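Each chain, letter by letter, is given below.
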Amino acid sequence: AGRRDYPRAPLTKPIQYPTNHGNVKVSRVRGDADVFTGAGQVQLGEVTGTNKVRSVGGPLQHGEMMGVHTASTRAGDILVDSTRRGGTISTEGGTISLLYTSGPTRLVSGGGDITVRQAAAPVNAETTSGDIAITIDPESKTETIAAQTGKGNVILNVPPTFRADIDATIMTNDPTGDTIASDIPGLSITREQVGGTTHVRAIGKINGGGEKVVLKATGGDIRISTARAGSTVVRSH
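Residues numbered from 1 in each chain as written. Predicted model: local features only at pLDDT ≥ 70, side-chain atom pairs only at ≥ 80, totals over all residues. Heavy atoms only, no water.

(A) Just the confidence of the model for the chain, in detail. Summing up the model confidence of the chain, the mean pLDDT is 89 and the portion of residues at 70 or higher is 87%. When the criterion is pLDDT under 50, residues 1-9 qualifies, and its contacts beyond four places in sequence or with other chains add up to 29 contacts. Predicted confidence is poor over residues 231-237, with pLDDT under 50, and the contacts of this stretch with residues over four places away or in other chains come to 19 contacts. (pLDDT = per-residue confidence, 0-100. Contact = heavy atoms within 4.5 Å.)

(B) Expanded view of the environment of Ile-155. Here Ile-155 is to be found in strand β17 (residues 154-157). The exposure class of Ile-155 is partly exposed, given its relative accessible area of 36%. C-alpha of Ile-155 to C-alpha of Ser-182: the two residues are 27 residues apart in sequence and 10.0 Å apart in space. (Helix = DSSP H or I, 4+ residues; strand = E, 2+ residues; numbered from the N terminus. Buried < 20%, exposed > 50% of the residue type's maximum accessible area, 1.4 Å probe, protein only.)

(C) Inspection of the pairing of strand β3 (residues 22-29) at higher detail. Along β3, six of the eight residues are buried, which leaves the element largely enclosed by surrounding structure. With five bridges joining them, β3 and strand β5 (residues 42-47) adopt parallel strand pairing. Bridged to Val-26 within β5 is Leu-44. (Pairing = 2+ DSSP bridges.)

(D) The arrangement of the environment of Asp-174 in detail. Mapping Asp-174 onto the fold places it in the loop between β18 (164-172) and β19 (180-182). For Asp-174, a relative accessible area of 37% gives the class partly exposed.

(E) Molecular detail of the pairing of strand β22 (residues 211-218). When strand β16 (residues 145-149) meets β22, the two strands line up parallel, connected through five bridges. Bridging across to β22, Thr-149 finds its partner in Ala-217. One ladder, built from eight bridges, connects β18 with β22; its direction is parallel. Looking at the pairing, Met-171 lines up with Thr-218 of β22.

Rendered as structure tokens:
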């Protein structure tokens, strides 16, 4: 069958779309959504229920996901406006951009940057190669965060009063160029030579301590900053 596009019209019932070659474009789904495409783009505006999207090769662009959100593609970038109840978002080769999450969220990229513009819930982000930037919701006092990149930088933007138990590590061949820095005091930094690699580790409590924050980078910097990465995009209701 040839490539086909599904209409953008809103749907008032759950949907299930399997297609080997096709783009899926739906503005609104009132209920659950289960979408699979072998080669195509998936655009969803709003899904009020649980959402599951899989693409063998294509970009994903999703709006407001009210239920648990699971999205994966083998080759393509992923952009999600919001995940109200969290979920898992993964690509084997592309970037991931999440504007807002208020539920536990896992993000995995096989080779690309990961950006979370506003996190009001725990986030676990991992990329084989690329930068990770996570901005904590300004009203969050503490959150569980894990971020790891095999090659790149990790930047965590937090409110000035954010509380956390920090465990940050970089592995580098350039100990003078790759560093760990925090705008909030409370970290103790150590350096250890392991073969030809320098392990730099920073541990401690910021603002008295809170949830566990684990940050790992290879060949890059780790920065805990109180500067906002951008304006607030959406707010939870």
